[in-house]
Amino acid sequence: VQAGIDLSAISEKDVQISGSRILLTLPHATISSVELLPDESEVIDSQRKWAFSEYSGLETETLDTARQELRRWAKNEAGILPVAERLATLQLTEFLQKLGFSTVTITFANEGD
């Protein structure tokens, strides 16, 4: 599961600069991709274990369902989005300080903004 901030969604109103101070408002993190490796995945039920090659159509349907469940789990239970926001804040703060800003304040947009 990969999550991150879409920096292309930042507009001029999201950046306020005053001397060596910068206030940056970011969109919240989102899950950008969920990848499963078919060659390393198996379907197991109470009756039998299948390799994907044994059942036509099983691979696509099962992997799609697994991706949806993994996305839901990552978003709602694993806490991945807050971690992505914290990492983005740390990385952008360091980057902006290297550009010469002495005070970097990063906030996240309210839902619906």
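Preceding this section is the structure that the text describes.
A brief look at the structure comes next.

Reading guide: rules and limits
- Here, residues in each chain are numbered from 1, in the same order as that chain's written sequence.
- Reporting of local features is limited, given that this is a predicted model, to residues whose pLDDT is at least 70; pairs of side-chain atoms are given and counted only at 80 or more, and all residues count toward the totals for whole chains, interfaces and linings.
- Here the side-chain values reflect all heavy atoms present in the structure, with hydrogen atoms and water set aside.
- Salt bridges are identified by distance alone: a Lys or Arg side-chain nitrogen within 4 Å of an Asp or Glu carboxyl oxygen.
- Three exposure classes are used, based on accessible area relative to the maximum for each residue type with a 1.4 Å probe and protein chains only: buried under 20%, partly exposed in between, and exposed over 50%.
- Strands are runs of DSSP state E lasting at least two residues, helices are runs of H or I lasting at least four, and both sets are numbered from the N terminus onward.
- The contact criterion used is simple: two residues touch if any of their non-hydrogen atoms lie within 4.5 Å.
- As used in this structure description, the phrase polar contact means that two N or O atoms lie within 3.5 Å; if the pair is within protein, one of them must be able to donate a hydrogen and the other to accept it, and residues adjacent in sequence are counted only when both atoms belong to side chains.
- Neither His nor the chain ends contribute to the count of charged residues, in which Lys and Arg are positive and Asp and Glu negative.
- Each residue after the first adds 1.5 Å to the expected span of a helix.
- Here the arc refers to the set of directions running from the helix axis out to each C-beta atom.

### Things to note about the pattern of salt bridges
Right, so step 1: Evaluated as defined, the whole model comprises three salt bridges.
Right, so step 2: Note that K13 is salt-bridged to D14, the shortest N-O span being 3.4 Å.
Right, so step 3: Since its relative accessible area comes to 11%, D14 is described here as buried.
Right, so step 4: Notably, a salt bridge pairs E69 with R72, separated by 3.4 Å at the nearest N-O pair. Residue E69 and its partner R72 are located together in helix α1 (residues 58-76), separated by three residues, close to a single helical turn.
Right, so step 5: The exposure class of R72 is partly exposed, given its relative accessible area of 35%.

### Some points on the environment of T105
Right, so step 1: Relative to the helices and strands, T105 is located in strand β7 (residues 103-108).
Right, so step 2: The spacing of T105 and I22 is 83 residues in sequence and 6.2 Å in space, taken between C-alpha atoms.
Right, so step 3: T105 has contacts with I22, L23 and L24, leaving out every residue within four places of it along the chain.

### Thoughts on the side chain of T89
Right, so step 1: Residue placement: T89 occurs in helix α2 (residues 80-98).
Right, so step 2: Residue class for T89 comes out buried when judged on its relative accessible area of 15%.
Right, so step 3: There is a polar contact of 2.9 Å between the side chain of T89 and the backbone oxygen of E85.
Right, so step 4: Those residues in contact with T89 that lie beyond four places of it in its chain are I106 and F108.

### Overview of the side chain of E85
Right, so step 1: Of note, E85 is situated in helix α2.
Right, so step 2: At 10 Å, R86 is the nearest oppositely charged side chain to E85, a buried residue that forms no salt bridge.
Right, so step 3: Within the structure, E85 has its side chain in polar contact with the side chain of H28 (distance 2.8 Å).
Right, so step 4: One polar contact links the side chain of E85 to the main-chain amide nitrogen of A29, over a distance of 2.9 Å.
Right, so step 5: Each residue touching E85, except ones within four places of it in the same chain, is listed here: I5, H28, A29 and F108.

### Here's the deal with α2
Right, so step 1: Taking 1.5 Å of rise per residue, 19 residues should cover 27 Å, and α2 covers 27 Å from first to last C-alpha, within 8% of that figure.
Right, so step 2: Burial in α2 covers these residues: L81, A84, E85, A88, T89, L92, T93 and L96. Projected down its long axis, α2 carries its buried residues within an arc of 160°, all on one side. Away from its buried face, by an angle of more than 90 degrees, α2 presents the exposed residues R86, Q91 and K98.
Right, so step 3: Just downstream of α2 lies G100, where phi reads positive at about 115°.

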